[in-house]
Amino acid sequence: MKRKLPFFLTLLLFLIYTSLYADVLSHIIFYHEQHHLFLFSSQYFQHQIETAGWMSYFTDFVIQFFYYPWAGCALLGGMLASIYGLCYLNIRMVTGRDDLLQLSLIPSLYLFLQTLSADYSLVPVVSCFIGLLALAFANFWMRLLWRRLHVRFPSGSISPRIHRILTPAVLTVYAAAAFYLFVHSYNMAEHRMLKAEQAVKEKNWEEALAQTSQYLDRRPNNALIFYFRHLALYHEGKLLDHLFDYPQRLGVKGLYFPWNSDSRESEYGHFLYEDLGYINEAQRWEFEAMVVWGETAPHLLNLARYNIVNHRPQVALKFIRLLQQSLFYREEADKLEAALYTGEVEGLQNALSGVETVPARFANVMNIGPELLFLCEQDPQNRMAFEYLMCDLLLSNQVVRFVEHLPLMERFDYPAMPAIFEEALLMYKLGVGEEQFAATGFAVSPQTEQRFARYYELFQQKDNYRLRQEFGKTYWYYLNFISPYGNKIITN
Amino acid sequence: MAIKLLRISALASLCVAGWLGMAGCHPREIHADHTSPQIPRIFPDYTNVTFPVNIAPANFYIQEPGASFRTEIGVDDEVLFSLSDSRPEVVVPERRWRALLQQAEGKNFFIRIFVKQENGWTQYADIQNHVSPDSVDAFLAYRLLYPGYELWNEMGIYQRDLSSFRVEPILENRRIGKQCLNCHTVARQNPENFMLHVRGKDNGTLIRRGGKVEKVASLARGAAHGNTYAAWDPSGRFIAFSMNEIQQFFHATGQKPIEVSDLAADLGVYDTETHVLHTDSALFGADGMETFPAWSPDGRTLFYCRGNAYTRATPLDSLRYDLCAIPFDASDLRAPFGEPRCLYAASREGKSVSFPRVSPDGNWLLFTLSDYGNFSIWHPESDLYLMDLRTGQFRAAQELNSPDVESFHTWSSSGNWLVLSSKRMDGLWARPFIAHFDTAAGQFAKPFLLPQKDPHFYETFTRTFNLPEFLTAPVTFQRELLEAVPRQASDIFLQVQK
């Protein structure tokens, strides 16, 4: 048993690590795969060696296999487990003694705990693995020398009884410490965010809603989570009915990212613009992201797609050629190359295709409102642009402009006026009076009037608890208590 | 012993078989089964171009489909060397290329291509190129970065030995905390007088002069905007700077991604000896925007572009710049500027001028013309125009232009060569093209793409070549530049001539 223990422990560690990476740490595998791309080209090799070094090159080589999550789990788990096994082997070869205190476990556990954060580079893991492997070969080559030294400096023997007691005790301490550190280091919020991102990328909207709900149940303020949630709600046809399910304390910043030259945010802006069919803005965000985060597969694929539908085949081809040098994205790249001159990519539409470019119109990168209106004007059937425009106006307290643009709704086949629209209309009606309201051609249902009467009653009673319980998901409550722009309607 | 002999015999047999195999694949002489009157398609397009006698091998690949390829290169009727391969890449050994250039100096050389297709070998019409005895400056400096929008990560200024493929960094931003580096400029292509801007926490301008690197503030005391585009005067004492407020705007529609526009711009001449930035009411103030300075070779005239002032109501696509000049007298620094004059009122024709550059003999001025704005690198319609300064006449330099962007350009120290940034290959990435210039006739030869060792280099290289500029000698003070970056910048002072 004593001799088999290292093998058993290596195997056990492999199984534990692999299962963790396959389950609660699956976001780590996804994150690394999305942020690295290994290319089989001399240009890539030269650039990596000059700028990042050999170990980074090897790390990227390993990470490319994370394309298949099971392979990523096994590889990362295998390397970390091997770090223990190789440590043990090297200690054994050099000292000729067993690792009584199981010190060999420390590097493996330490590195594993470090990988709990998505931002932790895997270069130390790969470097440690390669270094220990090389050391093991060197020690094997020098084994005769080590044996001679072992003879000269004989070790004191430890009784099997002590060994039997010490080993389980030491292992228990390591296991307890590792468990404690794991629980305290594990970042559930990061897990939810990355899983939500993965779901958005895969257009798995139900999963995106599930992840964002679970996140918001615990932590109410996160622009990215709201951003993903709104996308998912729209695609599930629920945006207008569930906009205020969670308190929108960020206002319009939960709807889109104003351009703040923020490198982290640059990764996400393109999702919204792509879905809106606003290809120039999607391309701009994605290009900025590539500049900051490197030539990775998601950026290259999207840039190729956007440039194809924007009829810039030679630009798209550059990104495609890079992807063709990868192991796992070659097939997708080939498909895009086949569509290069068609101007069409499956699942992607350019809502502004054919729109006059003279005089030049420039995007408002700080406020999406004018852009949504522009999309509604140029692409009248763009339902997403309409819903986002309405949400943007409501979230920014611009009820008057909301009512001005509400007639756009007639372009779409909504079975009924969404409740939040009626709530906003009622606010407008109360502000402008019956006569002016009647001129809009809209009506507020008696039920909404009754609900507002109840809301107002609770409001007068200052019964905040019941107000939140009964009306926390209404526009009235947002306007009175949540909006970061104050509790007044903006009229200009 | 017997085993050793056996091994040697086996190895020798393998070598012979290998050689025979190679010979079988790539015959030493080709008898064409067919001939084509067309010249073959090759990339880069090294056809009918003029190479300098000291350029690196112009490697290319053959774009005609085939199973085997043979390329013969020679002068007059003599084939100097040939290359055969099953791959279409033609990578010429440097030694053979140099011998070719020497032999072809002042003459044409041919590239004869045979392609083995299903119906046998096809011989294409010979490609003819010319070798000029005029050598080009030995190095090319340029900045490499993504042709992005606002964010940046990796960038650097590099120098390329034009007679080989050797590239080395002058300064890379990964060595200085990823700050932005820009606007590297030299005087008369001599790197002894060299400058560049650093933008970031170590904001400032590094100026190398008289063997020393000095760091000065990029914003003169009394000026509203920082020093931006630069031009060294030929003496190396003065640097003309534009002081710009620049903003990026993003096109909502169409294929043009971005507009980089001045919101304000003034011009001044910085005296490196006194740390004073001299300017004039004609070049400084809210009445107009003056930018893109360029000196005449005698240093007595400063050329620049001038547009109307920007206001919030000004549509960006109505901003246009004229080509102007102003006398400069270095002997009277209390009032160095004379009366400005307009050389070409491009705005009246709905056009806009940028990047004026005067040839070293002072006879020619090359500028970029686009529909509006002055950041022509983002304007596909931008073309180069050549003005004869002796007559004031100008023409489109059609021999340089393409349907896509031609923008930044600089002359070689002799004036026989020009390097220009063009996006003709794909519309996004600027590539350096080099063209020969006949100084007497005022004619350019067809430009050729800067050769690279790998003929496919440009197809996957995603950095843009920014501000290509010839150097007569390599920059050797990289360490001094690096050490100067974190230094405190010296103040510079604005002096306005009324």
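Here is what the cut-offs are and how they apply
Counting starts from 1 at the beginning of each chain's written sequence and moves along it residue by residue. Whichever chain is written first is A, and whichever ligand is written first is 1; the rest continue in order. Local features are withheld for residues below a pLDDT of 70 in this predicted model, meaning they are given only at 70 or higher, and side-chain atom pairs are given and counted only at 80 or more; totals for whole chains, interfaces and linings count all residues. Where helices and strands are cited, they refer to DSSP runs of H or I of at least four residues and of E of at least two residues respectively, numbered from the N terminus. Counts of 20 or more other C-beta atoms within 10 Å of a residue's own C-beta define buried residues, counts of 12 or fewer define exposed ones, and intermediate counts define partly exposed ones; C-beta atoms are placed from the backbone. By definition, residue pairs are in contact when their C-beta atoms, positioned from the backbone, come within 7 Å. The globule rule used for comparison is 2.2 Å times the number of residues to the exponent 0.38, while the radius of gyration itself is calculated over C-alpha atoms. All domain edges in this entry derive from an automatic or database-based domain assignment. Each residue carries a pLDDT value, the predictor's own confidence for that position, ranging from 0 to 100. Strand pairing is defined by DSSP finding a minimum of two bridges between the two strands. Axis lines are fitted to C-alpha atoms, over the contacting stretch for helices. Their N-to-C directions set the angle, which ranges from 0 to 180 degrees. Think of a nonpolar core as buried Ala, Val, Leu, Ile, Met, Phe, Trp, Tyr and Cys residues, each tied to the set through C-beta atoms within 7 Å. Put simply, angles under 35 degrees are roughly parallel, angles over 145 are roughly antiparallel, angles from 65 to 115 are roughly perpendicular, and the rest are oblique. Each crossing is labelled by how the near helix is turned from the far one, with a counterclockwise turn of less than a right angle marking it left-handed and a clockwise turn marking it right-handed. All amino acids are sorted into three groups, where Ala, Val, Leu, Ile, Met, Phe, Trp, Tyr, Cys and Pro are nonpolar, Asp, Glu, Lys and Arg are charged, and the leftover types, Gly among them, are polar.

1. Structural notes on the overall build of chain B
Summing up its helical and strand segments, chain B has four helices and 36 strands in all. Along the first, second and third principal axes, the C-alpha atoms of chain B reach 95 × 55 × 45 Å. Relative to its full complement of 498 residues, chain B shows a buried share of 47%. Sequence separation of 24 or more characterises 58% of the internal contacts of chain B that already satisfy a separation of 6 or more.

2. Topic: the overall build of chain A
Looking only at helices and strands, chain A has 26 helices and zero strands in total. Taking 2.2 N^0.38 as the reference for a compact globule, 492 residues should give roughly 23 Å; the C-alpha atoms of chain A span a radius of gyration of 29 Å, well beyond that estimate. Within chain A, the proportion of its 492 residues that are buried is 41%. Summarising the internal contacts of chain A: among those between residues at least 6 apart in sequence, 68% fall at separations of at least 24.

3. Digging into the domain arrangement of chain A
Taken domain by domain, chain A comprises domain 1 (5-186), domain 2 (190-338) and domain 3 (383-482). Its C-alpha centre places domain 1 of chain A at a distance of 59 Å from the equivalent point of domain 3 of chain A.

4. A few points about the confidence of the model for chain B
Residue and element names in this part refer to chain B. Predicted confidence across chain B gives a mean pLDDT of 93, with 94% of residues reaching 70 or more. Below a pLDDT of 50 lies the segment residues 15-26, which in the model reaches five contacts outside its immediate sequence neighbourhood of four places, other chains included. ipTM for the predicted complex: 0.89, alongside a pTM of 0.92.

5. Overview of the pairing of strand E26 (residues 352-358) of chain B
Residues and elements named next belong to chain B. Judged by how many residues are buried, E26 sits mostly within the fold: seven of seven residues are covered. In this sheet, strand E27 (residues 364-370) lies alongside E26 in antiparallel orientation, the contact comprising five bridges. By the bridge assignment, Val358 is partnered in E27 with Leu365. In sequence, E26 turns back onto E27 through a hairpin of five residues, with Gly362 there showing a positive phi of about 75°.

6. So, the sheet that holds strand E28 (residues 383-388) of chain B
Residues and elements named next belong to chain B. Across the sheet, which stays open at both edges, the four strands sit in the order E26-E27-E28-E29 with antiparallel pairing between neighbours. This sheet does not close on itself; its edge strands, each paired only once, are E26 and strand E29 (394-396). Taking each pair of neighbouring strands and ignoring which way they run, the sheet shows an average axis angle of 25°. Sheet topology places E27 next to E28; six bridges connect them, and they run antiparallel. Each bridged residue has a counterpart across the sheet, and for Leu365 the counterpart in E28 is Met387.

7. Brief notes about the nonpolar core
Counting residues in each nonpolar core, the largest one holds 271 residues, and the members touching the most others are Leu80, Ile83 and Ala424 of chain A together with Ala240 of chain B. A total of eleven residues in this core trace back to one element, the largest contributor, which is helix H5 (residues 69-95) of chain A. Setting aside chain neighbours within four positions, we find Ile83 of chain A in contact with Pro107, Ser108, Leu111, Cys128, Phe129 and Leu132 of chain A.

8. Observations regarding the packing of H5 of chain A against helix H6 (residues 105-114) of chain A
Each packed pair of helices is defined by two parameters, the angle between the axes and the distance between the axes. Residues and elements named next belong to chain A. Axis separation between H5 and H6 bottoms out at 7 Å; the angle between their running directions is 160°. In terms of orientation, H5 and H6 fall into the roughly antiparallel class. Crossing geometry of H5 relative to H6 is assigned as right-handed. Residues Leu80, Ala81, Ile83, Tyr84 and Cys87 of H5 pack against Leu105, Pro107, Ser108, Leu111 and Phe112 of H6. In terms of residue class, the contact of H5 with H6 is made up of nine nonpolar, one polar and no charged.

9. A look at the sheet that holds strand E23 (residues 301-308) of chain B
Residues and elements named next belong to chain B. The strand order E22-E23-E24-E25 describes an open sheet built from four strands, whose pairing is antiparallel. If you trace the sheet from one side to the other, it starts and ends with strand E22 (288-295) and strand E25 (341-344), each paired once. Put simply, the sheet's adjacent strands are angled 35° from each other on average, direction ignored. Pairing of strand E24 (residues 321-327) with E25, which is carried by three bridges, proceeds in the antiparallel orientation. Paired with Cys324 across the bridge in E25 is Cys342.

10. Focus: unusual backbone geometry
The peptide bond linking Val358 of chain A to Pro359 of chain A adopts the cis configuration, its omega dihedral lying at 0°. Structurally, Pro359 of chain A can be placed in the loop between helix H18 (330-338) and helix H19 (368-378). The residue after Phe43 of chain B, namely Pro44 of chain B, is reached through a cis peptide bond having omega -5°. Tracing the sequence through the fold places Pro44 of chain B in the loop between strand E2 (42-43) and strand E3 (50-52). One non-glycine residue, Lys203 of chain A, lies in positive phi territory at about 55°. Taking the number of C-beta atoms within 10 Å as the measure of exposure, Lys203 of chain A has 13 and is therefore partly exposed. Unlike most non-glycine residues, Gln189 of chain B shows phi in positive territory, near 65°.

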